[in-house]
Amino acid sequence: MKQDMIVILDLGSEENTVVARAIRALGVYSEIYPHDITAKELMELPNVKGVILNGGPNCVVDGVQIDVAADLYQTGIPMIAVNHPAAKCAAISLPKDEEELKDTLKNFVFDVCNAQANWNMKNFIEDQVELVKRQVGDKKVLLALSGGVDSSVVAALLLKAIGENLTCVHVNHGLMRKGESESVIEVFKNQMNANLVYVDASERFLGKLAGVADPEEKRKIIGGEFIRVFEEEARKLDGIDFLGQGTIYPDIVESGTKTAKTVKSHHNVGGLPEDLQFALVEPLRQLFKDEVRACGLELGLPHDMVFRQPFPGPGLGVRCLGAITKERLEAVRESDAILREEFAKAGLDQKVWQYFTIVPDFKSVGVRENARCFEYPVILRAVNTVDAMTATIEQLDWAVLMKITNRILKEVKNVNRVCYDLSPKPTATIEWE
Ligand code: XMP
């Protein structure tokens, strides 16, 4: 293994990720594990140079004060405790200030543990390739490749590790943005030579969604159908033992750790049927989003794919409001493509967190070539946020807005009006459905 590692054991702290990131900022790799890891599991982790028992306000679980297994102290690995009075090792307190925190950790990491500052993406990838090879052997892995950042990066990493023993399935639910499925095929099949099963399920999804106007119902249909299509493909393939997943660290935190509460349950693929339970391969599970992007670039993925803006699982389905029609779906897709193109030209794609268009299910009166027309509006949305929990509006340059408006009115069929949504979150959400 290339990298040394400091393990953080979560004993109820709310600062686990802060500490992990501070250690990584020192150039040393750090991973977070639950408090009930066994001494054997700890010893099996590669190159562990030190352990931090990270206590905090969530140290009582189900009415019981949590602690680590007694034999963890016998491993001989240097340990310190933070906010954990019951610990049988030296204790420190960690300052809030980022620089002071790094200084405090420096002493433990380098002087006490003798860790080397050898954490970088190249070493991370080499280590993960080695670990995936060990886990998978010559067995086969299946991966749902949506084309999003996480699934794309995990596909590239697994491809490097196991090559033709990886099968990627890309399900086109007909709600993709313009050019998106094509780019997945181009990059993974044509350029990287991956086994890629492309399933065009557009008609099937649109059929199921016909006449369904309720947003929650739409989401349920899209999610449920996705699992069914993926499952059908999985059953066609022989001898699959593992399922690759682009789980990243924030997904784990949001799904609830053993000490922290669930924010929202997260699943990348969703509940596959009982008889299709695979063991999981999740090589990105300890990375934060910026690190996932750095990993993707190091693996040679195109910049556009790695810095793609977030895109909801139900795709354009939640931006074509109410019951989806082909006509309005086409208007969302084409207007979104124009918006993206103009944002890229203006350099706004590097600046704005998320930007897209919405087409509602009502028409308004307009005039085209001296005659009355009755057509749909397109709504533009461009927001900035840190964590998607709240969002502010990008104050777009007037000239850019006019250019986008003129192009949409000229190039997109069935549209006679363009509006800019100025609502922050709250009270609005980022998406309209
Ligand atoms: P809202 O609309 O809740 O969106 O303010 C917050 C962020 O989440 C994205 N989003 C989703 N992502 N599946 C996803 O993977 C979904 O069903 C979904 N709904 C919303 C949204 O695009 C925004 O970035």
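Presented here is an overview of the structure given in this document. (Residues numbered from 1 in each chain as written. Predicted model: local features only at pLDDT ≥ 70, side-chain atom pairs only at ≥ 80, totals over all residues. Heavy atoms only, no water.)

## Concerning the overall build of the protein chain
Reasoning step 1: The secondary structure content of the protein chain amounts to 13 helices and 17 strands.
Reasoning step 2: Computed over the C-alpha atoms, the radius of gyration of the protein chain is 24 Å, within 12% of the 22 Å expected from 2.2 N^0.38 for a compact globule of 433 residues.
Reasoning step 3: Across the 433 residues of the protein chain, 52% fall into the buried class.
Reasoning step 4: Across the protein chain, every contact between residues at least 6 apart in sequence was considered, and the portion connecting residues at least 24 apart equals 75%. (Helix = DSSP H or I, 4+ residues; strand = E, 2+ residues; numbered from the N terminus. Rg over C-alpha atoms; globule rule 2.2 N^0.38 Å. Buried < 20%, exposed > 50% of the residue type's maximum accessible area, 1.4 Å probe, protein only. Contact = heavy atoms within 4.5 Å.)

## Details of the sheet that holds strand E10 (residues 195–200)
Reasoning step 1: Spatially, the five strands line up as an open sheet ordered E10-E9-E8-E11-E12, and their pairing is parallel. With one partner strand each, in any of the chains shown, E10 and strand E12 (279–281) form the two edges of the open sheet. Neighbour to neighbour, the strand axes of the sheet diverge by 30° on average, direction disregarded.
Reasoning step 2: Sheet analysis places strand E9 (residues 166–172) next to E10, joined by six bridges and oriented parallel. Bridged to Thr167 within E10 is Asn195.
Reasoning step 3: Strands in contact with helix H4 (residues 121–136) are strand E8 (140–144), strand E11 (240–244) and E12; relative to E12, the strand with the most contacts, it is inclined by about 165°. (Pairing = 2+ DSSP bridges. Axes fitted to C-alpha atoms, helices over the stretch in contact; angles between N-to-C directions.)

## Observations concerning H4
Reasoning step 1: Along its 16 residues, H4 runs 22 Å from first to last C-alpha, staying within 8% of the 22 Å computed at 1.5 Å per residue.
Reasoning step 2: Packing partners of the buried residues in H4 comprise strand E2 (29–34), E8, helix H5 (149–162), E11, E12 and helix H10 (289–298).
Reasoning step 3: Of the residues flanking the start of H4, the one acting as N-cap is Asn120, its side-chain oxygen 3.1 Å from the backbone nitrogen of Lys122.
Reasoning step 4: Directly after H4, the chain includes Gly137, whose backbone phi takes a positive value near 60°. (Expected span 1.5 Å × (residues − 1). Polar contact = N/O pair within 3.5 Å; in protein donor to acceptor, adjacent residues only side chain to side chain.)

## Notes on the site of the ligand
Reasoning step 1: As a structural note, the neighbourhood of the ligand is formed by Arg219, Pro312, Gly313, Pro314, Trp353, Gln354, Ala388, Lys425, Thr429, Ile430 and Glu431.
Reasoning step 2: Taking Gly313, its main chain carries an N or O atom lying 3.2 Å from a nitrogen atom of the ligand.
Reasoning step 3: Between the ligand and the protein, one listed contact pairs an oxygen atom with a side-chain N or O atom of Lys425 at 2.6 Å.
Reasoning step 4: Considered class by class, the residues forming the shell around the ligand number five nonpolar, three polar and three charged. (Near = heavy atom within 4 Å. Nonpolar A, V, L, I, M, F, W, Y, C, P; charged D, E, K, R; others polar.)

## What to know about the packing of helix H1 (residues 16–25) against helix H3 (residues 98–112)
Between two packed helices, what matters for the description is the angle formed by their axes and the separation of those axes.
Reasoning step 1: The geometry of H1 relative to H3 is characterised by a closest axis approach of 10 Å and an angle of 70° between their N-to-C directions. It follows that H1 is roughly perpendicular to H3 by the angle criterion. Side by side, H1 and H3 meet where Val18, Val19, Ala22, Ile23 and Ala25 of the first sit next to Leu101, Lys102, Leu105 and Val109 of the second.
Reasoning step 2: Looking at the contact of H1 with H3, its residues break down into eight nonpolar, no polar and one charged. (Parallel < 35°, antiparallel > 145°, perpendicular 65-115°, else oblique.)

## Here we look at the sheet that holds strand E3 (residues 48–55)
Reasoning step 1: Strand order in the open sheet formed by five strands is E2-E1-E3-E6-E7, with parallel pairing between adjacent strands. The two strands at the open ends of the sheet, each matched to only one other strand, are E2 and strand E7 (90–92). Looking at each pair of strands side by side, their axes are set apart by 30° on average, direction ignored.
Reasoning step 2: By the bridge criterion, seven bridges tie strand E1 (residues 5–11) to E3 in an arrangement that is parallel.

## Here's the deal with the pattern of salt bridges
Reasoning step 1: Under the criterion given, the structure shown has 31 salt bridges.
Reasoning step 2: Taking the shortest distance from any N to any O, the salt bridge between Lys289 and Asp150 comes out at 2.9 Å. In this pair, Lys289 is assigned in helix H10 and Asp150 in helix H5, connecting sequence segments 139 residues apart.
Reasoning step 3: A relative accessible area of 14% places Asp150 in the buried class.
Reasoning step 4: Here Glu225 makes a salt bridge to Arg228, at a shortest N to O gap of 2.9 Å. On the criterion of helical spacing, the pair formed by Glu225 and Arg228 is a turn pair, its members being three residues apart in helix H8 (residues 215–236).
Reasoning step 5: The buried category is assigned to Glu225, whose relative accessible area is 2%.
Reasoning step 6: In this structure, a network of salt bridges that share partners links the residues Glu341, Glu342, Lys345, Lys403, Arg407 and Glu411. (Salt bridge = Lys/Arg side-chain N within 4 Å of Asp/Glu carboxyl O.)

## Section: the pairing of E9
Reasoning step 1: Among the seven residues in E9, seven count as buried, and that is most of the element.
Reasoning step 2: In E9, alternate side chains face the same way, and those of Leu166, Cys168, His170 and Asn172 on one face and Thr167, Val169 and Val171 on the other are all buried.
Reasoning step 3: Bridge analysis of E8 against E9 gives four bridges, and the strand direction is parallel. Among the inter-strand pairings, Leu142 is bridged to a residue of E9, identified as Thr167.
Reasoning step 4: One crossover worth recording links E8 to the parallel E9 by way of H5, and it is right-handed. (Right-handed = clockwise from strand over helix to strand, strands pointing away.)

## Looking at H3
Note that an α-helix has 3.6 residues per turn; residues three or four places apart therefore point the same way.
Reasoning step 1: With 15 residues, H3 should reach 21 Å at 1.5 Å per residue; the first-to-last C-alpha distance of 21 Å fits that figure.
Reasoning step 2: The axis of H3 is deflected most strongly, by about 30°, at Leu105.
Reasoning step 3: For H3, the N-terminal cap is Asp97; the gap from its side-chain oxygen to the backbone nitrogen of Glu99 is 3.1 Å.
Reasoning step 4: Following H3 by one or two positions, Asn114 adopts a phi angle in the positive range, close to 55°. (Bend = angle between axes of the 7 residues up to and from the residue.)

## Describing the nonpolar core
Reasoning step 1: With 60 residues, the main nonpolar core has Val7, Leu9, Val51, Leu53, Phe188, Leu284 and Cys295 as its most contacted residues.
Reasoning step 2: Residue contributions to this core peak at ten residues, all from H5.
Reasoning step 3: Contacts of Phe188, omitting those with residues within four sequence positions, involve Leu145, Ser152, Ala155, Ala156, Asn193, Ala194, Leu301 and Met305.
Reasoning step 4: Judged by nonpolar contacts, the second largest core, of 58 residues, contains Val171, Phe205, Val378 and Tyr420. (Core = buried A, V, L, I, M, F, W, Y, C linked by side-chain atoms within 4.5 Å.)

## Points about the layout of surface pockets
To find leftover empty space, one rolls a probe the size of a water molecule over the atoms.
Reasoning step 1: Size it by volume and the second largest pocket reaches roughly 630 Å³.
Reasoning step 2: Residue lining of the second largest pocket: 22 residues in total, with Tyr33, Leu45, Gln128, Leu131 and Arg285 positioned closest to the centre.
Reasoning step 3: Residue composition of the lining of the second largest pocket, grouped by class: twelve nonpolar, four polar and six charged. (1 Å grid on protein atoms, 1.4 Å probe; cavity = no way out; pocket = protein on both sides within 12 Å on 5 of 7 lines; lining within 4 Å. Points joined across faces, edges and corners; volume = space filled by probe spheres on them.)

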